[in-house]
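# Observations on the model geometry
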Amino acid sequence: MFPYFIMLVFCGIPLFFMELSFGQFASQGCLGVWRVSPIFKGVGYGMMVVSTYIGIYYNVVICIAFYYFFTSMTRVLPWTYCNNPWNTENCAGVLSPNSSVTLNITSYQSPFNLTLGLNQTLKRTSPSEEYWRRYVLKTSEDIGDFGEVRLPLLGCLFVSWVVVFLCLIRGVKSSGKVVYFTATFPYVVLTILFIRGITLEGAVNGILYYLTPQWDKILDAKVWGDAASQIFYSLGCAWGGLITMASYNKFHNNCYRDSIIISITNCATSVYAGFVIFSILGFMATHLGVDVSEVADHGPGLAFVAYPEALTLLPISPLWSLLFFFMLILLGLGTQFCLLETLVTAIVDEIGSDWIIRWKTFVTLIVAIIGFLLGIPLTTQAGIYWLLLMDNYAASFSLVIISCIMCIAIMYIYGHRNYFKDIEMMLGFPPPMFFQICWRFFSPAIIFVSL
């Protein structure tokens, strides 16, 4: 959390403001803005590449949320108990204490095998994890073994792309109205889940783990790199989306105020969501008899393993499950609108002719179709490996590098004095001294040291 806040104050907020002001002043997408310094147009292409990668795999995450949403429409959630065909003997459900792992000693003929059997009994898995790995994904052994396309996921992927396209059919005019709902409703669900989470046994252990500083890790460069990646990822810096959306603002809109409010609200939400998540992880750790750090994998496993397990404990659990996955779908769609609009705007701005502006909806449809086709390999049995690979490499440190180059290009090639005058012409006042110092010195230096 300490590196997270350092990165937020000295890199996240300043670069968020820079992208908003850059896009608003130029009124262009992430490619068009580089008329200020054409040699750095590759930064704009980098933003497009990142948005393309994220757009491909992000909709797969949304499609899995759709799948869970549809399967929650039942009296008993399918991942509640360990009595399903896909469950193994290591399964131990929260609501089925009698189904805890038992050892059939007669099946082991030698002392070596008996020891092996006893060791295996100690490794318990939750029914939600087995449902996720063995039923929903049917995960293959390694990244090269694609196996079959999971048709239910493919169908949900099609649904999610159709929803995204329909919400963007009139560009930002339609997505802007939809986002009023997709951005606010998740807070209601988060609060409900937080109230339930802190009442569970072991929740305090999870929250203490969340809040207790591990000072031995403060000198670990990877922790600082992860903090930088998380700030840039959650704020949307270097995706091109901030520049694109800001380009639709009125020229004299106070984007300085917007950047401060959005950055602080965004990161406060992340911290709040941390309490919600770790209260559940603490409960899971207590039940499974393991450390909090071992309860869930990184990546989508948290949303599709730990949380579904906790939802089975709530009264009328299918209702809460529907609400939770509906929230995930809304959160994902809000991001996906921005990613797709970034790509479409960049293409339309780059070609710039009257006919492509008239046929912008058709361009959106083509981008959506290509995105769907490129997402099909991620619905195979090896899809989750590729999804995690893209998530770890396409949208983590690349964001930090792109932002650093953008900062240097604007401050030292276009010129900091020119840029400060542009902002003063647009807002009526120059950027505060803190932002001027961060843009010129602190932000690039911190990113460079992290690299």
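Residues numbered from 1 in each chain as written. Predicted model: local features only at pLDDT ≥ 70, side-chain atom pairs only at ≥ 80, totals over all residues. Heavy atoms only, no water.

## Describing the pattern of salt bridges
- One pass over the structure, following the stated rule, counts six salt bridges.
- In this structure, Asp226 and Lys222 form a salt bridge, with 3.1 Å as the shortest nitrogen-oxygen distance. Placement of both Asp226 and Lys222 in helix 8 (residues 221–235) is noted, with a separation of four residues, approximately one turn of the helix.
- Overall, the relative accessible area of 42% leaves Asp226 in the partly exposed class. (Salt bridge = Lys/Arg side-chain N within 4 Å of Asp/Glu carboxyl O. Helix = DSSP H or I, 4+ residues; strand = E, 2+ residues; numbered from the N terminus. Buried < 20%, exposed > 50% of the residue type's maximum accessible area, 1.4 Å probe, protein only.)

## Let's talk about the nonpolar core
- With 127 residues, the main nonpolar core has Met18, Ile64, Tyr68, Phe232 and Trp439 as its most contacted residues.
- Those residues in contact with Ile64, other than ones at most four positions away along the chain, are Trp132, Leu137, Leu153 and Phe304. (Core = buried A, V, L, I, M, F, W, Y, C linked by side-chain atoms within 4.5 Å. Contact = heavy atoms within 4.5 Å.)

## Points about helix 10 (residues 255–288)
- Taking 1.5 Å per residue as the helical rise, helix 10 with its 34 residues ought to reach 50 Å, and the 48 Å between its terminal C-alpha atoms agrees with that figure.
- Capping the start of helix 10 is the job of one residue whose side-chain oxygen sits 3.3 Å from the backbone nitrogen of Tyr256: Asn254. (Expected span 1.5 Å × (residues − 1). Polar contact = N/O pair within 3.5 Å; in protein donor to acceptor, adjacent residues only side chain to side chain.)

## Notes on the UniProt feature "binding site: Na(+)" (unreviewed entry) in the protein
- The positions UniProt marks with the feature "binding site: Na(+)" (unreviewed entry) are Ser234, Asn266 and Leu331. Over a stretch of 98 residues, the named residues converge on one spot in the fold, their C-alpha atoms separated by at most 12.7 Å.
- Summarising the element assignment, Ser234 is placed in helix 8.
- Looking at the secondary structure, you find Leu331 in helix 12 (residues 317–351). (UniProt positions renumbered as here; feature names shortened; annotations may be inferred.)

## Topic: the state of the cysteines
- As enumerated under the stated definition, the model contains one disulfide in all.
- Note that Cys82 is cross-linked by a disulfide to Cys91, the S-S spacing being 2.0 Å. Because the torsion about its S-S bond is -65°, the bridge between Cys82 and Cys91 counts as left-handed. Each member of the pair, Cys82 as well as Cys91, carries the same accessibility label: buried.
- Counting only cysteine sulfurs, Cys30 is the nearest neighbor of Cys338, a cysteine outside any disulfide, at a range of 10 Å. (Disulfide = S-S within 2.5 Å.)

## Thoughts on the side chain of Ser128
- Within the secondary structure, Ser128 sits in helix 4 (residues 127–136).
- The buried category is assigned to Ser128, whose relative accessible area is 1%.
- Polar contacts involving the side chain of Ser128 include one to the side chain of Ser126, which spans 3.2 Å.
- Not counting residues within four places of it along the chain, the set of residues in contact with Ser128 comprises Trp79, Phe304, Val305, Pro308 and Glu309.

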